[in-house]
Amino acid sequence: VFAVTREGDQLYVQLTSQPRAAVYPRSDNEFFYKVVDAQITFEMDPQAHSKSLVLHQGGRDQRAKRIDDAAAKQLEDTLAQRFHDQKAFPGSEAERRTEIGELQRKQPTDERMTPEFAETARPQAEHIEALIDGLGTLQSITFKGVGPGGFDIYEVKFEHGSLDWRVLLDSEGKVAGEGLRSLP
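Residues numbered from 1 in each chain as written. Predicted model: local features only at pLDDT ≥ 70, side-chain atom pairs only at ≥ 80, totals over all residues. Heavy atoms only, no water.

Trainee: Would you take a moment to explain unusual backbone geometry for this structure?
Mentor: Backbone phi values are negative for most residues with the exception of glycine, while trans is the configuration of most peptide bonds. Despite not being glycine, A48 has its phi angle at roughly 65°, a positive value. Although it is not a glycine, Q86 adopts a positive phi angle of roughly 55°. Looking at the secondary structure, you find Q86 in the loop between helix 1 (69-85) and helix 2 (92-104). (Helix = DSSP H or I, 4+ residues; strand = E, 2+ residues; numbered from the N terminus.)

Pasting the structure below:
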């Protein structure tokens, strides 16, 4: 959840479980951070009302639809509860296994992902396929916890190495975000 607030002439954007940061205008609907290399673009409807924002950071675009305060609070409360309980989102381990199988067969599909995340993931598919291919046979998947951003954290062991693999599923069980890195 991105919380957008204004104090006087200063606009602030805060992502759940991150500190609030000022953004500065580049144009009427484009803003930039000074504390991090990132930009925000507000997408407008025909009546010039903001309908969504896009965070541009690290070569990736993360889109968030505008929601009301009650929906934002419900999402944040759900996230806080998941973080407190440290329980995997139902189906997230099965999703890991499905994705690994698709990557090993070099046949990843977008249907398991939100449309927004599929757009981000497509250009990286070949690189991730090569990484998974080099690791060999899957040996185990171990749930490690829920990160403060709501991502389920797994240690995924293969024949020739291990990955820290984080996945965020939406309420329909579709992948809305993920990240992976090799473990020593």
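After that view of the structure, there is still more to cover.
Trainee: Explain the sheet that holds strand 9 (residues 152-158) to me, please; I cannot follow it from the model alone.
Mentor: Strand pairing in a sheet relies on backbone hydrogen bonds. The paired strands run either parallel or antiparallel. Taken in spatial order, the four strands make up an open sheet running 8-9-10-11, and their pairing is antiparallel. Each of the sheet's edge strands pairs with one partner strand only, and the pair in question is strand 8 (138-146) and strand 11 (175-183). This sheet shows a mean twist of 20° between the axes of neighbouring strands, independent of strand direction. Relative to strand 9, strand 8 is paired through seven bridges, and the arrangement is antiparallel. Each bridged residue has a counterpart across the sheet, and for I141 the counterpart in strand 9 is V156. Contacts from helix 2 reach strand 8, strand 9, strand 10 (161-169) and strand 11 within the one sheet, and its direction differs from that of strand 10 by about 120°. (Pairing = 2+ DSSP bridges. Axes fitted to C-alpha atoms, helices over the stretch in contact; angles between N-to-C directions. Contact = heavy atoms within 4.5 Å.)

Trainee: I keep staring at the packing of aromatic side chains and nothing clicks. Help me out?
Mentor: Each aromatic ring pair is described using two quantities: the centre-to-centre distance and the angle formed by the ring planes. This structure, assessed with the given rule, holds three aromatic pairs. For the pair Y24 and F32, a centre-to-centre distance of 5.9 Å together with 40° between the ring planes defines the contact as tilted. On the basis of relative accessibility, which here comes to 24%, the residue Y24 falls in the partly exposed class. Of the residues examined, F32 reaches a relative accessible area of 22% and is grouped as partly exposed. Centroid distance F31 to F42: 5.6 Å. Interplanar angle 85°. Geometry classified as edge-to-face. A residue pair is termed long-range when its members are at least 10 positions apart, and F31 in strand 4 (residues 30-33) and F42 in strand 5 (residues 38-44) qualify at eleven residues. What makes F42 buried here is its relative accessible area of 11%. (Phe/Tyr/Trp six-rings, centres within 6.5 Å; stacked < 30°, edge-to-face > 60°. Buried < 20%, exposed > 50% of the residue type's maximum accessible area, 1.4 Å probe, protein only.)

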